[in-house]
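# Coordinates in review
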Amino acid sequence: MILYITVAAVTVLLAGLVNNQPATQPYRITRQQMCNRVCLLSVFLILFALSACRLNVGNDYAKYVEFMHLINCDSYVPTEIGFNLLVKLLYGLSGYENYLLVFAVYAFATVLLFLLAMYDLSDDFPFSFFLFMMLGYYFQTFSTVRYYLALAIALYSMKFVLRRQWGRFIALILLGSAFHKSLLVVIPLYLLATRSWKKWQLALAALFCSTFLFCQDWYLKAVVLLYPTYEDTEYLEGGTSYINILRCAAVLVFAGVVLWLQKRQDGEKCDTCVANETEKGLQDDRFRFYFYLNLGALVLYVFCSFLPIISRIGYYLTVSHILFLPMLLQQIAPVKWRRLFRVGTILAAVLYFAVYMSRAGNDGVLILPYQTFFFHDMVNILSDVN
């Protein structure tokens, strides 16, 4: 745990020196640009090295090693074609079952995409990176490596959504779905989040959400079609996260408070100003997109708890927190209020990190104890035992 806390502290301090909107000069690299490059490279190397050098760290590390072995033996595995081809390629180039190289490639791509996404999209890169570390996104990449590569792709694809570059967005998602097919859900969800919804449309959407309460069997059959290996297993039991519900609700309330503060700053007095200011805020493309992503996540966590993949779908939406919260803080004009909410957000994130680390050795997480191939050997996988 000391290692993880140290890595988090060092990388957050390095990220604090990064300005992702530096002043530029023609034909010259400024001091800030050079500082950005050095700090970003240092952060990347630290995070990549910690992930790439681990051995049997992560909830499903051994299961992935087993999958890779079966792929190499041309046996059936429930993983996507992109993962299978990558394993075949790297094993072929290595001449042996080099699962360490596969995990290293995934670590490289996942960390790089997360950093690029935050640098390109955040209003405050240091704060976004702080949230990235404190909310456990980085440490969760040690488990479900295919899914967290897909999550990094989803976050990076948001820039194409906001720029209305739909061809690039679709192409990137289709490519990413070759490594985790659940990524395909972001195509309709992200497109819906870009809409300027009318009140009657939101009412129809709410009516549709009620079908999740009465047609659960039908939706579960649809899930089994996508994930045949879930049939007749404990994975169909579903479940939701009250922490995620609380997080989504808190972010939405915070967004409403920011709009109210903007209205107050403008000196409006009438009763309809809050509604007018909300409507004005929702006209901003980024605000509307992030707002509806979080609203959608809250709806999914509340109404779709019976779905076994709800946490994965929800994370594609709530990962926007690391972009939305810095954006909201930047829009608070009164300095005292901005400082107050910033300190509150920092304390909440640190508390979340502390709780996460206290459970880091539990089943379902298993990122403790940290082990590296320099000093430890891999445990026997199922094929070795048989």
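Reference entry: report on the structure contained in this document. (Residues numbered from 1 in each chain as written. Predicted model: local features only at pLDDT ≥ 70, side-chain atom pairs only at ≥ 80, totals over all residues. Heavy atoms only, no water.)

## Some details on the side chain of Thr141
Among the structural elements, Thr141 can be located in the loop between helix 7 (137-140) and helix 8 (145-162). Looking at Thr141, the relative accessible area reads 8%, which means it is buried. A distance of 2.4 Å separates the side chain of Thr141 from the backbone oxygen of Tyr138, its partner in a polar contact. Apart from the residues within four sequence positions on either side, Thr141 is in contact with Arg54, Thr110, Phe114 and Tyr148. (Helix = DSSP H or I, 4+ residues; strand = E, 2+ residues; numbered from the N terminus. Buried < 20%, exposed > 50% of the residue type's maximum accessible area, 1.4 Å probe, protein only. Polar contact = N/O pair within 3.5 Å; in protein donor to acceptor, adjacent residues only side chain to side chain. Contact = heavy atoms within 4.5 Å.)

## Thoughts on the nonpolar core
One recurring pattern in soluble globular proteins is that nonpolar side chains are buried together. Ranked by size, the top nonpolar core spans 122 residues in total, and within it Phe129, Phe139, Met158, Tyr190, Tyr290 and Ile367 carry the most contacts. Among the elements that make up this core, the one with the highest residue count is helix 8 (15 residues). Beyond its immediate stretch of four places on either side in the chain, Ile367 contacts Tyr4, Val57, Gly58, Phe139, Phe142, Tyr356, Met357 and Ala360. (Core = buried A, V, L, I, M, F, W, Y, C linked by side-chain atoms within 4.5 Å.)

## Some thoughts on the pattern of salt bridges
Evaluated as defined, the whole model comprises seven salt bridges. The closest approach of N and O atoms between Asp285 and Arg164, which form a salt bridge, is 4.0 Å. Taken together, the residues Asp285 in helix 16 (residues 285-303) and Arg164 in the loop between helix 8 and helix 9 (166-177) connect sequence positions 121 residues apart. Taking the relative accessible area as the measure of exposure, Asp285 reaches 36% and is therefore partly exposed. Arg164 sits in the partly exposed class, given a relative accessible area of 34%. We note a salt bridge from Arg288 to Asp285, for which the minimum N-O separation is 2.7 Å. Taken together, the residues Arg288 and Asp285, both in helix 16 and three residues apart, mark about one turn of the helix. (Salt bridge = Lys/Arg side-chain N within 4 Å of Asp/Glu carboxyl O.)

## Examining empty space enclosed by the protein
Scanning the model with the defined rule gives one cavity of 30 Å³ or more in all. Estimated volume of the largest cavity: approximately 60 Å³. In terms of lining, the largest cavity is formed by Ser51, Arg54, Phe103, Tyr106, Ala107, Thr110, Thr141, Val145, Tyr148 and Leu149. Those elements that provide at least two residues to the lining of the largest cavity are helix 5 (99-121) and helix 8. By residue number, the principal contributor to the lining of the largest cavity is helix 5, which donates four residues. (1 Å grid on protein atoms, 1.4 Å probe; cavity = no way out; pocket = protein on both sides within 12 Å on 5 of 7 lines; lining within 4 Å. Points joined across faces, edges and corners; volume = space filled by probe spheres on them.)

## A look at helix 16
Between its first and last C-alpha atoms helix 16 spans 27 Å; for 19 residues at 1.5 Å apiece the expected length is 27 Å, and the two agree. Along helix 16, the positions that sit buried rather than exposed are Phe287, Arg288, Phe289, Tyr290, Phe291, Tyr292, Leu293, Asn294, Ala297, Leu298, Leu300 and Tyr301. Where helix 16 begins, the capping side chain belongs to Asp284, and its oxygen is found 3.2 Å from the backbone nitrogen of Arg286. (Expected span 1.5 Å × (residues − 1).)

## Examining the environment of Gly58
Structurally, Gly58 can be placed in the loop between helix 2 (31-52) and helix 3 (61-72). Discounting residues that sit within four places of it in the chain, Gly58 has contacts with Phe142, Ser143, Val365, Leu366 and Ile367.

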